[in-house]
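# Understanding the architecture of this molecule
Now for the letters of each chain:
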Amino acid sequence: KDYDIAVKEAHAGHKISVKVKQFDLRGARIILKGRDGKPNWVDYPSERKPWYYITILPRKGYPIKISSESLDELEPVYSAVRRFVRKDMEARQQYQMGRSSNNNYGGRRGSGMNVYDQRNDYYR
């Protein structure tokens, strides 16, 4: 419901009244109930069909639920979030491996390699 309100308010050019207006996906995780990798669903007694949703746990803050009446409508958002979270996780792992190997072998950090720098949150 909050999402619907936010979309209507944004399209009307009004100030958005819902609690969460934006959040950072860097360091976030996607929480799913099942192990099949598919979005969760819930049956509401007042609805004909189930609602589908994903839960995003940001590095800071409260969990965010993104939902839709249709799995087809939720899928593009879920795919984009999943792709970003996966790439972010890989970048963080590469950064950690680079730090580890630089510490072990006396290598120089920032020697032209693409290294994820957590202090500044950008790639260089």
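Shown above is the structure to which this text applies.
First things first, this report covers the structure right here in the doc. (Residues numbered from 1 in each chain as written. Predicted model: local features only at pLDDT ≥ 70, side-chain atom pairs only at ≥ 80, totals over all residues. Heavy atoms only, no water.)

Our focus in this paragraph is a negative patch on the surface. A surface patch of negative charge is lined by Asp2, Asp4, Glu47, Glu69, Asp72 and Glu73. Note on placement: Asp4 falls in helix α1 (residues 2-12). (Patch = residues over 30% accessible without salt bridge, like charges linked within 9 Å, V, L, I, M, F, W, Y side chains within 5 Å. Areas by Shrake-Rupley, 256 points an atom, 1.4 Å probe, with all protein chains shown as cover. Salt bridge = Lys/Arg side-chain N within 4 Å of Asp/Glu carboxyl O. Lys, Arg positive; Asp, Glu negative; His and termini not counted. Charge placed at Lys NZ, Arg CZ, Asp CG, Glu CD. Helix = DSSP H or I, 4+ residues; strand = E, 2+ residues; numbered from the N terminus.)

Counted residue by residue, strand β3 (residues 51-57) has five buried out of seven residues, so it is predominantly covered. As paired strands, strand β1 (residues 29-31) and β3 are joined by three bridges and run antiparallel to one another. Looking at β3, one finds that Ile31 is bridged to Thr55. Judged from the three bridges that link them, strand β2 (residues 40-42) and β3 form a sheet pairing that is antiparallel. The residue bridging Trp41 from the neighbouring strand is Tyr52, located in β3. In the sheet, β3 pairs with strand β4 (residues 64-68) via five bridges, with the strands oriented antiparallel. Across the sheet, Thr55 pairs through a bridge with Lys65, a residue of β4. Hairpin connection from β3 to β4: six residues lie between these consecutive antiparallel strands, with Gly61 at a positive phi of about 105°. (Buried < 20%, exposed > 50% of the residue type's maximum accessible area, 1.4 Å probe, protein only. Pairing = 2+ DSSP bridges.)

For side chains bearing opposite charge, pairing can occur when the charged atoms are close. Under the criterion given, the structure shown has three salt bridges. Across the pair Asp24 and Arg26 runs a salt bridge whose closest N-O atoms are separated by 2.6 Å. Exposure remark for Arg26: the relative accessible area of 28% places this residue in the partly exposed category. Taking the shortest distance from any N to any O, the salt bridge between Asp88 and Arg92 comes out at 2.9 Å. Taken together, the residues Asp88 and Arg92, both in helix α2 (residues 71-105) and four residues apart, mark about one turn of the helix. In this structure Asp88 comes out as buried when scored by relative accessible area, which is 5%.

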